[in-house]
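Now for the letters of each chain:
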Amino acid sequence: MLRRRHTIALAVLSALALACDGAAADPAATGRPEPVSGLPSTMAALGDSITAGFGSCAVFVACSRNSWSTGGSDDVDSHYRRLRTANPKIKGQARNFAVPGALAADLPAQAYAAVDARAQYVTVLIGANDACADDVAGMTSVRAFRGHVDKALSILRKGLPKARVLVVSVPDIRRLWRLGHDEPAAVRAWRHGVCPSLLANPTSTAAADEQRRDRVAGRIDAYNDELARACEAYGGHCRWDGGAVHRVRFSLDLVNKGDYFHPNVAGQNRLADATYPVRFSW
């Protein structure tokens, strides 16, 4: 969720199991779930530092074990862990190709990686870095953003025709400014170059700064509109989160105290809750 230089079906449990000699066993005696037919056995996550879990560990690096999508940490109830409960076959088969600082332009390469991994379920969250440029003039144009997203989705559709794809909305970054511009620690962190197009001069309420923030927020809204349309154009195997992530009411308790921008473990859990269950017909 930091700019370039910084970097849903299914709580389904089966009570059936097989006895050691192959006879049907009492589910209560084994407690082992039988894989639910149709659920994915492989998955991949595409995106930027949000999905890479950046800032959710003790140090400021990618921390995919805490990712809302593919994280395996006991601390995060990720999509992967929820799916694994219903389908143990997915264990160890979740790949995270998200890269801190990634832009929509980097999404096609990640899509190729998901194809190579033969993912049956793919999550996509991109756009924060495209808005978090050095200034508003440096933000990715809406047209270019849509083009990159379309290219990536085309790669997935061609290479993984049976896979399910979840496209997630870009978070409401401006909400962080509203919450933190009077918080000294947040202001100090943002002054180190965190999303300058939005968070530069964080304490200023001058008309020019307010207009700048409006432009960034408007660009994110436009990205979300295009993400929804791109998913619709993809077809029945794509689901849009309906703006669920953008509507998450992030508080400063859900971001780390280093940059006051990237989700911490609690924030990653909130993202997972907002986007699961995916309403697919597996």
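Up top is the structure.
Cut-offs and rules
Residues numbered from 1 in each chain as written. Predicted model: local features only at pLDDT ≥ 70, side-chain atom pairs only at ≥ 80, totals over all residues. Heavy atoms only, no water. Helix = DSSP H or I, 4+ residues; strand = E, 2+ residues; numbered from the N terminus. Buried < 20%, exposed > 50% of the residue type's maximum accessible area, 1.4 Å probe, protein only. Areas by Shrake-Rupley, 256 points an atom, 1.4 Å probe, with all protein chains shown as cover. Contact = heavy atoms within 4.5 Å. Polar contact = N/O pair within 3.5 Å; in protein donor to acceptor, adjacent residues only side chain to side chain. Phe/Tyr/Trp six-rings, centres within 6.5 Å; stacked < 30°, edge-to-face > 60°. Core = buried A, V, L, I, M, F, W, Y, C linked by side-chain atoms within 4.5 Å. Pairing = 2+ DSSP bridges. Salt bridge = Lys/Arg side-chain N within 4 Å of Asp/Glu carboxyl O.

Undergrad: Help me understand the overall build of the protein in this model?
TA: Broken down by element type, the protein carries 11 helices and 5 strands. Across the 282 residues that make up the protein, the buried fraction comes to 54%. Carbon together with sulfur atoms contributes 50% to the accessible area of the protein, which is approximately 12,300 Å² in total.

Undergrad: Sorry, what's going on with helix 11 (residues 265-275) here?
TA: All buried positions along helix 11 are accounted for by Gly267, Gln268, Asn269, Leu271, Ala272 and Thr275. In this fold, the buried residues of helix 11 make contact with helix 2 (49-52), helix 3 (79-86) and strand 4 (164-168). The N-terminus of helix 11 is capped by Asn264, whose side-chain oxygen sits 3.1 Å from the backbone nitrogen of Ala266.

Undergrad: Looking at this structure, how should I read the side chain of Asp130?
TA: One can find Asp130 in helix 5 (residues 128-131). Separated by 2.6 Å, the side chains of Asp130 and Thr140 make a polar contact. Excluding anything up to four places from it in sequence, Asp130 contacts Leu103, Ala104, Met139, Thr140, Phe145 and Tyr223.

Undergrad: Got a minute to help me understand the packing of aromatic side chains in this structure?
TA: Aromatic rings in a pair are described by how distant their centres are and how their planes are angled relative to each other. By the definition in use, this model includes 1 aromatic pair. Taking the centre distance of 4.1 Å and the plane angle of 20 degrees together, the rings of Phe145 and Tyr223 count as stacked. Of the two residues, Phe145 sits in helix 6 (residues 142-159) while Tyr223 sits in helix 10 (residues 207-234), which places them 78 residues apart along the sequence. Like Tyr223, Phe145 is buried.

Undergrad: Looking at this structure, how should I read the nonpolar core?
TA: Most often, soluble globular proteins keep nonpolar side chains buried together rather than apart. Ranked by internal contacts, the top residues of the largest apolar core, which has 69 residues, are Leu46, Val122, Leu156 and Val165. At 7 residues, helix 10 tops the list of elements feeding residues into this core. Not counting residues within four places of it along the chain, the set of residues in contact with Leu46 comprises Thr51, Phe97, Ala98, Leu107, Gln110, Ala111, Ala114, Val122, Thr123, Val124, Leu125 and Leu156.

Undergrad: Can you walk me through the environment of Ser41 in this structure?
TA: Within the element layout of this structure, Ser41 appears in the loop between helix 1 (27-30) and strand 1 (43-47). The buried category is assigned to Ser41, whose relative accessible area is 18%. Distance in space between the C-alpha atoms of Ser41 and Leu83 is 8.7 Å, their sequence separation being 42 residues. If we ignore the near neighbours within four places in the chain, the residues touching Ser41 are Asn87, Lys89, Ile90, Gln93 and Gln120.

Undergrad: Explain the pairing of strand 3 (residues 121-125) here, please?
TA: On any regular strand, side chains alternate: one points to one face of the sheet, the next to the other face. Of all 5 residues making up strand 3, 5 are buried, and the element is well covered by its neighbours. Where burial is concerned, the two faces of strand 3 agree: the one with Tyr121, Thr123 and Leu125 and the one with Val122 and Val124 are both buried. One ladder, built from 5 bridges, connects strand 1 with strand 3; its direction is parallel. Bridge pairing in strand 3 links Met43 to Tyr121. By the bridge criterion, 5 bridges tie strand 3 to strand 4 in an arrangement that is parallel. For Leu125, the partnering residue across the bridge sits in strand 4 and is Val168.

Undergrad: Before we go on, may I ask you to explain the pattern of salt bridges in this structure?
TA: Side chains carrying opposite charge are able to pair once their charged atoms draw close together. For the structure on display, the rule yields 10 salt bridges. Residue Asp150 pairs with Arg146 through a salt bridge whose shortest N-O separation is 2.9 Å. With Asp150 and Arg146 both in helix 6 and 4 residues apart, this pair spans about one turn of that helix. A salt bridge links Glu210 to Arg213; its shortest N-O distance comes to 3.5 Å.

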